[in-house]
Amino acid sequence: MSTYVLVPGFFFGPWVWEEVGRLLGDAGHQVRLVSLTGQGERAGEATPDVGVGTHVADIVGTIGDLDDVVLVLHSGATIAGTAAADRMPERLRRIVYVDTAPFPDGMAQIEFLPPEVQAWQRRQIETEGRGWLLPAPSFAEDDPQQDPAALADLSARDLALMRERASAQPAAMVLGPARRPAEIPDTPRTLIACTFPVEQVRALVAAGVPAFSMLAGPEWTMTGLPTGHWPMLSRPKELAEILAGI
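Rules behind the numbers
Residues numbered from 1 in each chain as written. Predicted model: local features only at pLDDT ≥ 70, side-chain atom pairs only at ≥ 80, totals over all residues. Heavy atoms only, no water. Pairing = 2+ DSSP bridges. Helix = DSSP H or I, 4+ residues; strand = E, 2+ residues; numbered from the N terminus. Axes fitted to C-alpha atoms, helices over the stretch in contact; angles between N-to-C directions. Contact = heavy atoms within 4.5 Å. Parallel < 35°, antiparallel > 145°, perpendicular 65-115°, else oblique. Left-handed = near helix turned anticlockwise from the far one by under 90°. Nonpolar A, V, L, I, M, F, W, Y, C, P; charged D, E, K, R; others polar. Phe/Tyr/Trp six-rings, centres within 6.5 Å; stacked < 30°, edge-to-face > 60°. Salt bridge = Lys/Arg side-chain N within 4 Å of Asp/Glu carboxyl O. Buried < 20%, exposed > 50% of the residue type's maximum accessible area, 1.4 Å probe, protein only. Arc of directions from axis to C-beta.

Chemist: Before we go on, may I ask you to explain the sheet that holds strand S3 (residues 69-74) in this structure?
Modeler: Strand order across the open sheet formed by 6 strands is S2-S1-S3-S4-S7-S8, with parallel pairing between neighbours. Among the strands making up the open sheet, the edge pair consists of strand S2 (30-33) and strand S8 (220-224). Recorded for the sheet is a direction-independent mean angle of 20 degrees between the axes of neighbouring strands. The pairing of S3 with strand S4 (residues 92-98) spans 6 bridges and is classified as parallel. Bridged to Val-70 within S4 is Arg-94. Most of the contacts of helix H3 (residues 78-87) go to S3, to which it runs at about 160 degrees, and overall it touches S3, S4 and strand S7 (189-193). Against the sheet, helix H7 (residues 198-206) contacts S7 and S8, and its axis sits at roughly 145 degrees relative to S8.

Pasting the structure below:
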């Protein structure tokens, strides 16, 4: 049996992991869900000072004195989650990246996006987010700013719940750069690719695309789960089975 620490991505609290966590727990595994400062049910704690270090502390604090942990990071959790993992490799069995990947030192989350989307998010932060919050997306299929592929396989109930529970994201998590140590631990790592096919990811790694460069190395395994960007909602059973198999 394993111990899983599940970290939500941007805009949501640990509720997004509840079904996957329940399935893993029913299979006999230990599960802890991470609640991040300024997100989800802790949205009221958001301040301009909430940054990567804040979320690193949240993740490290949740892991606590656990050993042999499988740390599971979704989407925007990658920068803080990777920094936490770099800090305590002796406690981790594996790091799992769900439709996300670690960034090289100095790269910010926003830089993964196309230039026009970057510009739009920066305007949102300044005009609607008081300079320190990124408003949550609409999660509406007819929104021209919403990537329909990201919403694949989500039910009307899922989308309604996402709209109801989404909170603005502390912008420092969007704009702040990743910081990696000079010697990166060789912790085993797995990518669960959802919106990018594994073959495409491997091609981007081979081509040396900076955003995918950290996916090279013998410590990596990759598996595909074709669905939208929130597989814990769209395909929780399949995601739990992959995690349990790891």
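From this point, the narrative continues.
Chemist: Help me out: how do you make sense of the packing of helix H1 (residues 18-26) against helix H9 (residues 236-245) in this one?
Modeler: Axis angle and axis distance: for two packed helices, these are the angle between their axes and the distance between the axes, and together they describe the pair. Running from amino to carboxyl end, H1 crosses H9 at an angle of 50 degrees, the nearest separation of the two axes being 9 Å. Our classification of the angle between H1 and H9 gives oblique. At the point where H1 passes H9, the crossing takes the right-handed sense. Between H1 and H9, the residues in contact are Glu-19, Val-20, Leu-23 and Leu-24 and Pro-236, Lys-237, Leu-239, Ala-240, Leu-243 and Ala-244, respectively. Looking at side-chain class alone, the contact of H1 with H9 contains 8 nonpolar, no polar and 2 charged residues.

Chemist: Before we go on, may I ask you to explain the packing of aromatic side chains in this structure?
Modeler: Given two aromatic rings, one states the distance between the centres and the angle between the planes to describe the pair. Evaluated as defined, the whole model comprises 9 aromatic pairs. Taken together, the ring pairs connect Phe-12, Trp-15, Phe-139 and Trp-230 into an aromatic cluster.

Chemist: Looking at this structure, how should I read the pattern of salt bridges?
Modeler: Inspection of the entire model under this criterion finds 10 salt bridges. Its salt-bridge partner being Arg-42, residue Glu-45 comes within 2.8 Å of it at the nearest N-O pair. Of the residues examined, Glu-45 reaches a relative accessible area of 39% and is grouped as partly exposed. Between Asp-68 and Arg-93 there is a salt bridge whose closest N-O contact spans 2.6 Å.

Chemist: Is there a simple way to think about H1 in this case?
Modeler: Since one α-helical turn is 3.6 residues long, residues separated by three or four positions face the same way. Restricting attention to buried positions, one finds in H1 the residues Val-20, Gly-21 and Leu-24. What you see down the axis of H1 is that its buried residues fit within an arc of 100 degrees, all on one side. Packed against the buried residues of H1 are strand S1 (3-7), S2, helix H8 (231-234) and H9. Just downstream of H1 lies Gly-28, where phi reads positive at about 100 degrees.

Chemist: Which parts of the structure should I look at to understand the environment of Glu-183?
Modeler: Mapped onto the fold, Glu-183 is located in the loop between helix H6 (172-175) and S7. A residue is classified by how much of its surface remains accessible, and Glu-183, at 73% relative accessible area, is exposed.

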